[in-house]
Structure formats: structure tokens, C-alpha cells
Amino acid sequence: MKIFFLFTFSTFFWSPFEQAAASVHYDKILTHSRIRARDQGQNVCALQQVMGTKKKYFSTCRNWYQGAICGKKATVLYECCPGYMKMDGMRGCPAVAPIDHVYGTLGIVGATSTQQYSDISKLREELEGRGSFTFFAPSSEAWEQLDSEIHRNLIDNVNIELYNALHHHMVNKRMLTKDLKNGMTLVSMYNDQKLLINHYPNGVVTVNCARVIYGNQIATNGVVHVIDRVLTAVGNTIQDFIEVEDDLSSLRAAAITSDVLDILGKPGHYTLFAPTNEAFERLPRGLLERIMGDKVASEALVKFHILNTLQCSEAITGGAAYETLEGNTVEVGCDGESLTVNGVKMVKRKDIVTSNGVIHLIDEVLIPDSAKQVIELGGAQQTTFTDLMIQLGLASSLRPEGQYTLLVPLNGAFSDDTLRMDQRRLKTILQNHIINVKVGLNELYNGQELETIGGKLLRVFLYRTAVCIENSCMVRGSKEGRNGFIHILRQIINPAEKTLHEMLRNDKRFSVFLSLVKAADLDDVLSQPGKWTLFVPTNDAFKSLTDDDKDILIRDKNALRNILLYHLTQGVFIGSGFEPGVTNILKTIQGGKLYLKTVNDTLLVNELKSRESDLMATNGVIHVIDKLLYPADLPVGNDQLLTILKKLIKYIQIKFVRGSAFKEIPLTFYNPSITQLTKLIEGEPEFKIVREGETITKVIHGEPIIKTYTKIIDGRPVEVTEKKVTEERIIQGPEIKYTRITAGGSDNEEKLKKLLEDEAPVRKEQPTRRTQGGTARRRTRLAYP
């Protein structure tokens, strides 16, 4: 009956606190621990204990399912949840622990050393008396781990030193874990000393970086939380500590130079990873001098060591990224008892608690990308490029005050044949990967052109999940340094030199396909400027085609155009720009659809493998295939043609519908209007109607637009000034055609329309191109109806 009464009373007394605590991290994690142990009986909690240590945790889901804490294997323990106890012969923890005053509760929770020291220091009477206290009670193990000299001094002076030390662990009101808010500062009962509270999302609660390992043990006159270390007084700021610590003189000098030191003297909740003097001494001398001589770089370096959140070591049970004052993140984790930064064990001393944060001493200097030169941004997978840049003298040409973008291929992109090239040729290749301006990833757009220091123009292609520059697509890892950006690419960039037509003409593998292109009058399509993707069958695709078959095919121009234009689609589509394994549907010029996807780095077109992809042309890209493509839904109505196509195409069943005909495809898809380029000459705009058979002898007159830019010639920047060329377009209509003037306003438009009212339609134009200081050159182009 006594046990039952005690259980009922305690449950009634406890429940309001539990309900109020339901929304706090510590209590949520505790609830999860109860759920995991529900098969063990009521009021049992599941904990994880790090093997080889006495450390126990109410674990997060992540640690629980990994079966590890700080990279060390953790075993599962089942214990009574805080506030409950076992009964002989009964399953689980059906009884509540007795409620006593704070002094008696210290014994109930096993903080026997703290209880003993409270007795000998004459604190017991206060702990047994009236009031409402919170006691952060060090465990017995915590007293054993205390520095032996400090411990001895406390025991030698129990009435003052020990009494004050214990009072420093007390707050003069009851504070459950639900009341311990992250970033809160409490006032202790000793000399109003500060107690810094942190309540982390993983359920860890700390006071001056000491972890609460057993919380919320209710007493009649307060509450006891057991902590894992003895608290020491906190008085100084981080700035104060840096200014008096001899081993941080190098950091102090850097913080003063960069005007960051004063920040660390202001109120806040900071974490400082403080490099020791030895850490600074290990840096290359030239690197440190350059950074310290650059206020922006030195400020970035110091701020990269500071978090705007307070991260005690005991709260870190796994890796997580934290934003620094510099703006980028560092990965803070743990490996057993050691803290790690960016995966490296570098923390020599941890948890130096100050009034505005915590300091961890480290033996390496963290250098952010923003303090590095662009050539220093390359990682382990880009060493081939950076080594070649140094060997060929290109690295030294990148000035610290300059602005650059490096397009850096992965190490695997450099074949042995490439590395054996003549150094002049190799230098030219590298120059095609250097842009003389800073261009970030979010500044790139589709159709953009970037000029290299070698004078080549590189095109940017933007896809759903990829950004490509010419034939090479980016991988993750773009970075911004002090004087530029670095973007990581899969392949070496091959700038386009020839048109699609020139590439076909210069490669014997495509001679049959090219002859059919010519027969279909499609040469101009592949020769003129544009943005095309062309799937080109090799001669092997036509091996079964006889001369007679070819003649029959050529005579039916509509059929030939339909077949060839099914191989052409508008837009430049790089094979590695497609999301792997996902089918991409492209509409061809013929009107049918192509189905593209990449599998194991191989491009598939209608499930046919591309033997070679991403051959870049100035007006598009070629993907090589070894079979002729044909739209599966396009019927053939001619027996002869069906026979020929069946010889060439065996991977699909071609439909036969007698009498069906191929549609006519006019060439307006690539040149629907005539474009005339003219030079601007000062004066007012003038207009002239173009009648059939006449030539244009006047050009648009208006204010010239001056464009100035910097171009690299022989490795030196040269300022170039040129006059911008405007564009006139012949607009086709059902009855009349007129020239739209891009320079001038609405008044000019009205003048032009008025001139056209009584004029006949224009059917042919022979424009004259006038150049400054020269004679007119006449070119004739036909407008397609």
C-alpha cells in the first residue's frame, strides 16, 4: 500500500511537469527512448553507451540506427527512466523514486561525492531546508576527473572554497529541462556568477558545457540535474582570453589586423576554433604573408574560425555543418573523445568556457576559399591541371589583384597522350580553360559566351540538372577565391572550330550521309550559324545500300528530307548534360520525336548506342551512330522505298500504308527571313523602298553605339573599341514586305508604313553592305515565300 500511495502521489505531482516539457528536445529524445524500450516493461528507457567508456546517451534516431556515437560502436542498455525505480519480482520500473529534499535526492541519483562534499562544507542544512533550488550536481566520476590540484585545494578549504564551488552549481529557483532554453544565462548562488545554458536539437543539455546526464529528479525543495563535470567560474570574454594567452599571439595579431578581435569582446554565443602559434608556424611563409597583407583575406581567415553558435564538445555526437562568420561552413564532428574539424582531429584542448562563448584550441589553421588565390582552390582531384599550370608558367601570370575563372578538368580527363603533347600545344589547351573575368555558377546562362585568355569563345549550355561548357559538363565543387572562381569539369574543353557541314566533309566516315544531305539541298542548313543537334550515321549504316537504291531515294526528295531531318533537332544537347537514366524527348525538324538517355556514360538514341558523342561544331553538336534513324509512327506508301528502308533499318517494324506520301518540309525552318547587317553612320535615319530587281544603295544612319572591352593578346590585356552593328530584318507578310528599323522610334515606323502604302510587294532583295571608309559590297539572298 505504501508503494502504491507513493507511486500515485508522485505520478500526480510529476505529470504537470511532463506535460509542459513535451515540446523540448531533451524530453522528446527521452520519449523516444521510452518507446524503444517499451518491450522491456513500463518506464524503461533505452540508452546507448559508447564502448570502452562510461558515457551514456538518450540517443537520436540517427545515432540509434547507426549503432554508433562519435564514430565509436555503442551498446544498448535498458535502465529505469529518470524518476522511476525497479521492484523485486516485477517487470520494468513500476515504482517511482522517493521524493526527498535536495540533499537526500543527491543520494537517490547516485551523486554521492557531491552529497558528501555538501555535508562537510556545511551546505547540507541549506539543501534540507526551505526553498526552491536547482542543483547541477557533478557525478562522482566528474569529481575524479577534476584537475588534482584544484580538487586538493577545494578539499583543503571546505568551509570557503568548497562551499563556494558547490554554491556555484546552484540556482535559487526550480528549473526543469523544459525551462532550460538554448542560449539562456542563469545566475548562480555564488557571487552572481553566470551559468550558460545550451539546449541542443539532439536532446543534449549543457551548463557551462557540462552535459546533463540525468535530469529532472524532483525534490521537495527543488530539482537535481546530474552533470558530467565540475563547473568552474566564468568571467572573461573570448577577447580577454586571446589577449592574455601567450600561445595565441599569432591569432591575436591576425584578429587585430582584420578588426575582428573587438567582435569577440561583445555579448554573444560564439564558438572559436583558435589556432595555436605552432599551427601558424606550419603555414608556408609566403602564404601567411600574403594573407596578412590583404585585409579582406585576413578578415576572412579569422572569421572562418568563428561560429555564431555555441558548440560544446559534449553536444557533438556526430558530424554536422555549421556556418562561420565568414559565410561558409565547417564540418564539426567527433571521433571517440576527440573533436574533428572538416574530418581532421585537430582539437588540442576543448571547452574553454567564457562569458560570450566557448574556445577550442586547434593545431591547424583553417584557410577559407575566400582567402585563397584561385589557383589554390583545386582539390585532390584537380592536381593534374594545377601542376600543369605551374609547370607551364600560367599560374604565375594570374595576378593576386586580377579577376579570373578557371575551368578545371578532373585528373582522369588528362590522358597519357595529352600529357605527352608538345608544351606549346598543351599550354594552348590550358589557356582555353582560363577566363579573364570572374563568373560564378549562378551567373552562367544558356547561350552565354565566355572568352578565354587564348582568344577562344566558349559557349555555355544550361540543362535541367547540368551546366556544360562546350563538350564538358560541370561536377559539384565550384568555389570562389580571392581573385576568381573555379568550376570543376568532367572533360577537357574542345572549343568548336568548324561548322557541322565542315566536320562531315572532313570525316570520311560520314561521306554517304553527306552525299544524301547534299541531294536533299540541306547543305546550307548545316553550314549557316545556328544551334543544332545532329545524329550522324556512319557509312556502316548504309552498307546494304546499292547505287540504284540510292538513286531511288534521292529522286524522292520529300522522303529523303523526312528521313534526314529526323536526325536533326533544334538546340544544342550535350550527351553528358542529360540526367542519367532519365528519358529525354526531343522534337526533330521532321516533326517526329527522339528518345534520348544516358546509361553508364553512354548516350542512347531510340535505344541505339551512340558510338561517339559530343563532337562540337560552331553551329551545334554531332552524336555519331551506326544505324539510320527512322520515326516508328511514319508510314511508307511506296513498295520500292519500303524495300530500301528495310535493308537499312532492322531494329523497328516500318509501317506500310499504300498511297501514303511524305509531307513536304520547306526550308523556312532555318531561314524564314533575310537578315541584313549594316554599319552605323552618324546622321538621321533614312528609308528607301526596295522594288523587285533593285539594290539597296543606302544604309541606316544614326548615332553609333560604342563597345569597349579588354582582350588578351599574346598574354597581355589590350583594350579594344568597336562600333556595334545593328540588325535589319525583312518581315514577310502575305502581300507586302518592309524593312523594320531597329534604330529610331515610333515616328520612324509611321514614316516607313506610309511609304509602303502605295508600293508593290518585294519579291527579291539585293542588299548592299557598306563598311566605314570603303566601297559597298553587294550580296543577294532570296526571301523564301
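Everything that follows concerns the structure shown earlier in this document.
The rules we used
- Residues numbered from 1 in each chain as written.
- Predicted model: local features only at pLDDT ≥ 70, side-chain atom pairs only at ≥ 80, totals over all residues.
- Heavy atoms only, no water.
- Helix = DSSP H or I, 4+ residues; strand = E, 2+ residues; numbered from the N terminus.
- Contact = heavy atoms within 4.5 Å.
- Areas by Shrake-Rupley, 256 points an atom, 1.4 Å probe, with all protein chains shown as cover.
- Buried < 20%, exposed > 50% of the residue type's maximum accessible area, 1.4 Å probe, protein only.
- Polar contact = N/O pair within 3.5 Å; in protein donor to acceptor, adjacent residues only side chain to side chain.
- Pairing = 2+ DSSP bridges.
- Core = buried A, V, L, I, M, F, W, Y, C linked by side-chain atoms within 4.5 Å.
- Phe/Tyr/Trp six-rings, centres within 6.5 Å; stacked < 30°, edge-to-face > 60°.
- Axes fitted to C-alpha atoms, helices over the stretch in contact; angles between N-to-C directions.
- Salt bridge = Lys/Arg side-chain N within 4 Å of Asp/Glu carboxyl O.

J.: Hey, could you go over the overall build of the protein chain for me, with residue numbers and the actual values?
T.: Assigned secondary structure in the protein chain consists of 24 helices and 44 strands. Across the protein chain, the fraction of contacts at a sequence separation of at least 24, relative to all contacts at a separation of at least 6, is 61%. Carbon and sulfur atoms make up 48% of the accessible area of the protein chain, which amounts to about 39,000 Å² in all.

J.: Outline the side chain of Thr569, supporting the account with residue identities and numerical values.
T.: Along the chain, Thr569 falls in strand 30 (residues 568–570). On the basis of relative accessibility, which here comes to 2%, the residue Thr569 falls in the buried class. Side-chain polar atoms of Thr569 contact the backbone oxygen of Lys587, separated by 2.8 Å. Apart from the residues within four sequence positions on either side, Thr569 is in contact with Lys531, Trp532, Thr533, Phe535, Leu586, Lys587, Thr588 and Ile589.

J.: Any chance you could break down the pairing of strand 14 (residues 270–275) for me, citing the residues and the numbers?
T.: Burial analysis of strand 14 places six of its six residues in the buried class, the great majority of the element. Of the two faces of strand 14, the one holding Tyr270, Leu272 and Ala274 and the one holding Thr271, Phe273 and Pro275 are both buried throughout. Pairing geometry for strand 14 and strand 21 (residues 357–362), over six bridges, is parallel. Paired with Ala274 across the two strands is Leu361, which belongs to strand 21. As judged from the two bridges shared by strand 14 and strand 15 (residues 306–307), these two strands associate in the antiparallel manner. Bridge pairing in strand 15 links Thr271 to Leu307.

J.: Could you give an account of the nonpolar core, naming the residues involved and the relevant values?
T.: Grouped together as the largest cluster of nonpolar side chains are 47 residues, with contacts concentrated most on Leu504, Ile622 and Tyr630. Aside from chain neighbours lying at most four places away, what touches Tyr630 is Ile563, Tyr566, Pro635, Val636, Leu645, Ile649, Tyr651, Ile652, Ile654 and Phe662. Judged by nonpolar contacts, the second largest core, of 29 residues, contains Ala255, Ala279, Ile291 and Ala371.

J.: Just give me the short version of the packing of aromatic side chains, but keep the residues and values in it.
T.: Counted according to the given criterion, the structure contains five aromatic pairs. Ring geometry for Tyr117 against Trp143: centres 4.7 Å apart, planes inclined by 75 degrees, an arrangement best described as edge-to-face. Residue Tyr117 is located in helix 5 (residues 112–120), and its partner Trp143 is located in helix 7 (residues 140–145); the two are separated by 26 residues in the primary sequence. By relative accessible area, Tyr117 is classed as buried at 11%.

J.: Account for the environment of Asp100, with residues named and values stated.
T.: Relative to the elements of secondary structure, Asp100 occurs in the loop between strand 6 (95–96) and helix 4 (102–108). The spacing of Asp100 and Gly222 is 122 residues in sequence and 9.6 Å in space, taken between C-alpha atoms. In contact with Asp100, not counting residues within four places along its chain, are Thr105, Ile108, Ala219 and Thr220. For Asp100, the side chain forms a polar contact with the side chain of His101, separated by 3.4 Å.

J.: Break down the side chain of Gln448 for me, with residues and values.
T.: Relative to the assigned elements, Gln448 resides in the loop between strand 23 (434–435) and strand 24 (449–451). The exposure class of Gln448 is buried, given its relative accessible area of 10%. For Gln448, the contacting residues outside a window of four places in its chain are Val439, Glu443, Leu458, Arg459 and Val460.

J.: Residue-level account of the environment of Leu516, with values.
T.: By secondary structure assignment, the location of Leu516 is in helix 19 (residues 511–519). Overall, Leu516 belongs to the buried group, its relative accessible area being 1%. Between the C-alpha atom of Leu516 and that of Ile554, which follows or precedes it by 38 residues, the distance is 7.2 Å. Discounting residues that sit within four places of it in the chain, Leu516 has contacts with Phe542, Lys550, Leu553, Ile554, Leu560 and Leu564.

J.: Pulling in residues and values, what's your account of the sheet that holds strand 32 (residues 593–599)?
T.: If you trace the seven strands from one edge of the open sheet to the other, you get 30-29-35-34-33-32-31, paired in mixed fashion. Edge strands, defined here as strands with exactly one partner in the open sheet, are strand 30 and strand 31 (584–587). In this sheet, adjacent strand axes meet at a mean angle of 30 degrees when their direction is disregarded. Two strands pair when backbone bridges link them, and strand 33 (residues 602–605) and strand 34 (residues 608–617) are joined in this way by two bridges, in the antiparallel orientation. When the sheet's bridge partners are listed, Val605 is paired in strand 34 with Leu608.

J.: Quick rundown of the pattern of salt bridges? Include the residues and the values.
T.: Two side chains of opposite charge can pair, provided their charged atoms sit close to one another. For the structure on display, the rule yields 34 salt bridges. Salt-bridge contacts for Asp119 lead to Arg124; the nearest nitrogen and oxygen are separated by 3.8 Å. A residue is classified by how much of its surface remains accessible, and Arg124, at 32% relative accessible area, is partly exposed. Linking Lys295 and Asp259 is a salt bridge whose minimum nitrogen-to-oxygen distance equals 2.7 Å. Highlighted residues: Lys295 in helix 14 (residues 295–303) and Asp259 in the loop between helix 11 (249–257) and strand 14, separated in sequence by 36 residues. Residues participating in the shared-partner salt-bridge network are Lys55, Arg211, Asp228, Arg229, Glu314, Glu337 and Asp351.

J.: Describe in detail the pairing of strand 4 (residues 72–80), supporting the description with residues and values.
T.: With seven bridges connecting them, strand 1 (residues 44–50) and strand 4 associate as antiparallel partners. Each bridged residue has a counterpart across the sheet, and for Val44 the counterpart in strand 4 is Cys80. In this sheet, strand 4 lies alongside strand 3 (residues 68–69) in antiparallel orientation, the contact comprising two bridges. Following the sheet pairing, Ala68 is matched in strand 4 by Lys73. Linking two consecutive strands that pair antiparallel, namely strand 3 and strand 4, is a turn of two residues; a positive phi of about 55 degrees is found at Cys70 within it.

J.: How would you explain the sheet that holds strand 3 if you had to name every residue and give the values?
T.: The antiparallel open sheet is built from four strands, whose spatial order is 2-1-4-3. Two strands bound the open sheet, and with one partner strand each, they are strand 2 (56–57) and strand 3. Two strands pair when backbone bridges link them, and strand 1 and strand 2 are joined in this way by two bridges, in the antiparallel orientation. The residue bridging Gln48 from the neighbouring strand is Tyr57, located in strand 2. Across the sheet, helix 2 (residues 25–36) touches strand 1 and strand 4, and the angle it forms with strand 1 is around 105 degrees.

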